[in-house]
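An overview of the molecular structure
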Amino acid sequence: MAKRILVVEDNDLNRKLFCDVLKSQGYAVEPVADGLDALDRAREFVPNLIIMDIQLPNVSGLDLIETAKKDPALRTIPMLAVTAYAGKGDEERIRDAGAEGYLAKPVSIGPFMQAVKALI
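Residues numbered from 1 in each chain as written. Predicted model: local features only at pLDDT ≥ 70, side-chain atom pairs only at ≥ 80, totals over all residues. Heavy atoms only, no water.

The next thing to look at is the pairing of strand 5 (residues 101–104). Where strand 4 (residues 79–83) lies against strand 5, 4 bridges are found, and the strand directions are parallel. Opposite V82, over in strand 5, you have L103 as the bridge partner. In the classification by handedness, the crossover that spans strand 4, the intervening helix 4 (residues 90–97) and the parallel strand 5 is right-handed. (Pairing = 2+ DSSP bridges. Helix = DSSP H or I, 4+ residues; strand = E, 2+ residues; numbered from the N terminus. Right-handed = clockwise from strand over helix to strand, strands pointing away.)

Here it is as structure tokens:
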């Protein structure tokens, strides 16, 4: 059975790119554009990995990671944060929130797939 990945990304092009690349590698993918839907979709989809954009409208990806890590149904799911926040201290803050992986945008396909495979 294919490993399942939830992709939480509000940018249409990035979301499509991530999903297309993951599908081409044999993963089952569930795209989510609105962070407010992310945790409910995660509970329904039961992914093996969540790829989380940090800059989302309505809610911070950082807050979603922290909330997921406190939820008994979601806390064991690895989180890969993908963000344009690449300043000093950002990676540490994102990892402290509970993300097991971190990639700065723009994301190259090679490092993206390495990060996915390392967490799944």
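So, next bit.
Moving on, we come to helix 2 (residues 35–45). Within the sequence span of helix 2, burial applies to G35, A38, L39, A42 and F45. All buried residues of helix 2 lie within an arc of 140° about the axis, which places them on one face of the element. Turned more than 90 degrees away from the buried face of helix 2, the exposed residues are L36 and E44. Positive phi shows up at V46, right after helix 2, with a value of about 50°. (Buried < 20%, exposed > 50% of the residue type's maximum accessible area, 1.4 Å probe, protein only. Arc of directions from axis to C-beta.)

If you walk across this open sheet you meet the 5 strands as 2-1-3-4-5, and the pairing is parallel. Single-partner strands in this sheet number two, and they are strand 2 (28–32) and strand 5. Geometrically, the sheet is characterised by an average inter-axis angle of 15° between neighbouring strands, direction not taken into account. (Axes fitted to C-alpha atoms, helices over the stretch in contact; angles between N-to-C directions.)

With that settled, the discussion passes to the packing of helix 1 (residues 12–24) against helix 5 (residues 109–119). Closest axis-to-axis distance for the helix 1/helix 5 pair is 11 Å, and the angle between their directions is 65°. Relative to helix 5, the crossing made by helix 1 is right-handed. Counting all contacts with helix 1, which are made through L17, F18, V21 and L22, the residues of helix 5 involved are I109, F112, M113 and V116. Tallied by class, residues from the contact of helix 1 with helix 5 come to 8 nonpolar, no polar and no charged. (Left-handed = near helix turned anticlockwise from the far one by under 90°. Contact = heavy atoms within 4.5 Å. Nonpolar A, V, L, I, M, F, W, Y, C, P; charged D, E, K, R; others polar.)

Moving on to unusual backbone geometry. Cis geometry is adopted by the peptide bond preceding P106, which originates at K105 and carries an omega value of 0°. Summarising the element assignment, P106 is placed in the loop between strand 5 and helix 5. The residue N58 is not glycine, and still its phi comes out positive at about 80°. Turning to its location among the elements, N58 is positioned in the loop between strand 3 (49–53) and helix 3 (61–70). Taking the relative accessible area as the measure of exposure, N58 reaches 61% and is therefore exposed.

What follows covers helix 5. Among all positions of helix 5, only F112, M113, A115, V116 and L119 are buried. Buried residues in helix 5, looked at end-on, bunch into an arc of 160°, giving them a common side. Facing away from the buried side of helix 5, by more than 90 degrees, are the exposed residues Q114 and A118. Tucked inside the fold, the buried residues of helix 5 contact strand 1 (4–8), helix 1, strand 3, strand 4 and strand 5.

The next thing to look at is the nonpolar core. Ranked by size, the top nonpolar core spans 24 residues in total, and within it L6, V8, I50, M52, L64, I65 and I94 carry the most contacts. Sorting the residues of this core by element identifies strand 1, helix 2, strand 3, helix 3, strand 4 and helix 4 as the ones contributing at least two each. Leaving out residues up to four positions away in the same chain, M52 has contacts with V8, G61, L64, I65, L80, A81 and V82. By size, the runner-up hydrophobic cluster in this structure holds 19 residues, among which are F18, V21, Y27 and V82. (Core = buried A, V, L, I, M, F, W, Y, C linked by side-chain atoms within 4.5 Å.)

It is worth stressing that arrangement in space is one thing and function is another; only the former is reported here.
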